[in-house]
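# Per-entry structural report
Residues per chain are reported as follows:
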Amino acid sequence: MQNYEKFKQHIKSSAESFNSIPKNESIKVIGHLDADGICSSAITVNGLIKMNRKYSLSILPTLTDESLKLLQDENEKYFVFVDLGSGSIDSIGKILDNKKIFILDHHHPQSDVIYENIVHVNPHLFDIDGSTEISGAGVAFLFTRELVDNTDMARIAIVGAIGDVQENNGFQLLNDEILKIAIENNLIEVKRGLKFFGVQTRPIHKLLQYSSDIVIPGITGSESGAINFLLSLGINPKLKNGFKKISDLTQDEQKKLIAGIIMKKDINSKEIFCNNYLLINEVDDSPFRDAKEFATLLNSCGRLGKASIGIGACLNDKKMKNLAVENLSSYRREIVNAINWYKDNPDKIIKKKNFIIINAEEEVMPTMIGTLGSILSKSPDIEKNMFILSLARNDDNTTKISLRITGNPENVNLKEIIQAIIEKINHGSSGGHVFASGAVIDTDYEEKFIGAASEVFEAIAMEERI
Ligand SMILES: [Mn+2]
């Protein structure tokens, strides 16, 4: 318990140090592009607004030495990095040595070197696991709360943690403390529900059709199968105008549906339920009601380069919330475009025994390439244990790469594999997790990278044969 107390004490003293920034100084906030990064930025900005501080904001997909060099020339003397920065602390320390810097992050620090101009707030420095126990949004929340009453942002800290997949039938200690604050202040309520995505906004037969957690043969993936299943349970899926959502079902119908799914799946009922985190001040049909849907919406804002809309939505700006909903439709269209491009261009795809390499060059948005890889990795049309490596170009002569694998095999670490490829060509940077990893290289290195990747995948296939 001691390390938690120390972490909180460190947050307190870091906030005090922040308070000593002269009031007339503008503060530059730099946030990460994903849902948690957008939540972290919104929480920080909300705090700065309440404190009557001047600020400006930039949202970045990753921190590179080039982007840090650009920041070096900014007028502001005071910087706050949120949900990023720890992984590049040495570069920040070296390149931005003319600035006073606060890093509020939960990613693994690049090193534990102490820089005089950097106040570093990160749970890992106190042996607290930032990948599961607290998100960037959570760190920003605890930090700003020491400066100003930022309680209403507890709900956004929960959305951020869910965006970073830190919820697993509940939260761990620090996230759980934030959830309690959100519950006590009537911001969030937790309800058990069926493990479907989009319960608030989608009709029941669509939930069944598109479910990735509750997979039922003949129903998942089939609209008519899903409708017939509901009819067989005595549930009419239709309303006078449109289709029924879960909330339109009577208690009796809900019980029938749950029983029907359990019968079909022949599984423990525990596997089909999950916690839903509902934002109390949002109406039932809204995509902002369920924290999971909210996080998805923010992700789509980031990926389409509209992070500011996502931040506005977190700050409860009506106009921004409408724009965010529109953006989600464009995002869905971009996903369809990416899949269509893949289907229409078999000649641009290298397919071997245990891997597929897709170089979309400029044809797919670089922020969508990981999503395309993830969708393909779940496709029933591709054999199991296939590596899916996809590439797309950024507009600064770099190429974004993502690595996925089909069929969730054990003993495969995609982060290590992509790192091995990067080491082979001795160029570029990589990151990610066991089941999803990525890299960035200069576009000139694409051919070399693809060659090295093929060798690494082939070596793995050889090992498996032996
Ligand atoms: Mn994060």
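Refer to the structure above for everything that follows.
Residues numbered from 1 in each chain as written. Predicted model: local features only at pLDDT ≥ 70, side-chain atom pairs only at ≥ 80, totals over all residues. Heavy atoms only, no water.

Once that is clear, we can look at the overall build of the chain. Summing up its helical and strand segments, the chain has 16 helices and 13 strands in all. Over its C-alpha trace the chain gives a radius of gyration of 23 Å, about what one expects of a compact globule, namely 23 Å for 466 residues. Burial analysis of the chain (466 residues in total) assigns 52% to the buried set. The long-range share in the chain, meaning contacts at least 24 apart out of those at least 6 apart in sequence, stands at 61%. Carbon and sulfur atoms make up 48% of the accessible area of the chain, which amounts to about 22,500 Å² in all. In the chain, 53 side chains carry a positive charge and 63 a negative one; their mean positions are 6 Å apart. (Helix = DSSP H or I, 4+ residues; strand = E, 2+ residues; numbered from the N terminus. Rg over C-alpha atoms; globule rule 2.2 N^0.38 Å. Buried < 20%, exposed > 50% of the residue type's maximum accessible area, 1.4 Å probe, protein only. Contact = heavy atoms within 4.5 Å. Areas by Shrake-Rupley, 256 points an atom, 1.4 Å probe, with all protein chains shown as cover. Lys, Arg positive; Asp, Glu negative; His and termini not counted. Charge placed at Lys NZ, Arg CZ, Asp CG, Glu CD.)

What follows covers the packing of aromatic side chains. Evaluation of the coordinates by the stated rule reveals nine aromatic pairs. Ring geometry for Phe 18 versus Phe 143: centroids 5.8 Å apart, planes at 85°, classification edge-to-face. With a gap of 125 residues between them, Phe 18 in helix H1 (residues 2-19) and Phe 143 in helix H5 (residues 136-145) connect regions that are remote in the sequence. Its relative accessible area of 2% is what places Phe 143 among the buried residues. These aromatic residues form a ring-pair network of at least three members: Phe 18, Phe 102 and Phe 143. (Phe/Tyr/Trp six-rings, centres within 6.5 Å; stacked < 30°, edge-to-face > 60°.)

Listed as protein donors to the manganese ion are Asp 36 (OD), Asp 83 (OD), His 106 (NE2) and Asp 164 (OD); their distances from the metal cover 2.1 to 2.3 Å. For the manganese ion, all donor residues lie on one chain, and their spacing in sequence is D-x46-D-x22-H-x57-D. Taken together, the residues span a long stretch of sequence, with Asp 83 in the loop between strand E3 (78-82) and helix H4 (89-95) and His 106 in the loop between strand E4 (100-104) and strand E5 (118-121) at a distance of 23 residues. For Asp 83, a relative accessible area of 1% translates into the label buried. (Donors = N, O, S within 2.8 Å, 3.2 Å for Na, K, Ca; no water.)

Running from amino to carboxyl end, helix H6 (residues 154-163) crosses helix H11 (residues 291-303) at an angle of 75°, the nearest separation of the two axes being 8 Å. It follows from the interaxial angle that H6 and H11 lie roughly perpendicular. Facing H6, whose interface residues are Ile 156, Val 159, Ile 162 and Gly 163, H11 presents Ala 291, Lys 292, Phe 294, Ala 295 and Leu 298. Partitioning the contact of H6 with H11 into residue classes produces seven nonpolar, one polar and one charged. (Axes fitted to C-alpha atoms, helices over the stretch in contact; angles between N-to-C directions. Parallel < 35°, antiparallel > 145°, perpendicular 65-115°, else oblique. Nonpolar A, V, L, I, M, F, W, Y, C, P; charged D, E, K, R; others polar.)

This part covers helix H13 (residues 318-344). Here H13 is 27 residues long and its end C-alpha atoms lie 39 Å apart, about the 39 Å a rise of 1.5 Å per residue gives. Residues of H13 that are buried include every one of Lys 321, Ala 324, Asn 327, Leu 328, Tyr 331, Ile 335, Ala 338, Trp 341 and Tyr 342, and no others. With a side-chain oxygen positioned 3.0 Å from the backbone nitrogen of Lys 319, the residue opening H13 is Asp 317. (Expected span 1.5 Å × (residues − 1). Polar contact = N/O pair within 3.5 Å; in protein donor to acceptor, adjacent residues only side chain to side chain.)

Here we take up the sheet that holds E4. One open sheet holds the five strands; their spatial order is E2-E1-E3-E4-E5, and the pairing between them is parallel. A strand with exactly one partner marks an edge of an open sheet, and here the two such strands are strand E2 (55-60) and E5. The average undirected angle you get between the axes of adjacent strands in this sheet is 15°. Relative to E5, E4 runs parallel, the two sharing four bridges. Residue pairing across strands places Leu 104 opposite Val 121, the latter belonging to E5. Along the sheet, helix H3 (residues 65-72) makes contact with strand E1 (27-32), E2 and E3, crossing E3 at roughly 150°. (Pairing = 2+ DSSP bridges.)

The buried fraction of E4 is high, at four of five residues. Sheet topology note: the E3/E4 ladder contains five bridges and is parallel. By the bridge assignment, Phe 79 is partnered in E4 with Ile 101. The β-α-β motif built from E3, the intervening H4 and the parallel element E4 has right-handed crossover chirality. (Right-handed = clockwise from strand over helix to strand, strands pointing away.)

Right, let's talk about H11 for a bit. For the α-helix, the turn length of 3.6 residues means that residues three or four positions removed from each other point alike. In a regular helix each residue adds 1.5 Å, so 13 residues correspond to 18 Å; H11 covers 18 Å between its end C-alpha atoms and thus fits that length. Those residues of H11 that sit buried are Ala 291, Glu 293, Phe 294, Ala 295, Leu 297, Leu 298, Ser 300, Cys 301 and Gly 302. The elements touched by buried residues of H11 are helix H2 (35-50), H6, strand E7 (273-279), helix H12 (307-314) and H13. Put simply, Asp 290 is the residue that caps the front of H11, since its side-chain oxygen is 2.7 Å from the backbone nitrogen of Lys 292.

No statement about biological role is implied by the geometric values presented.
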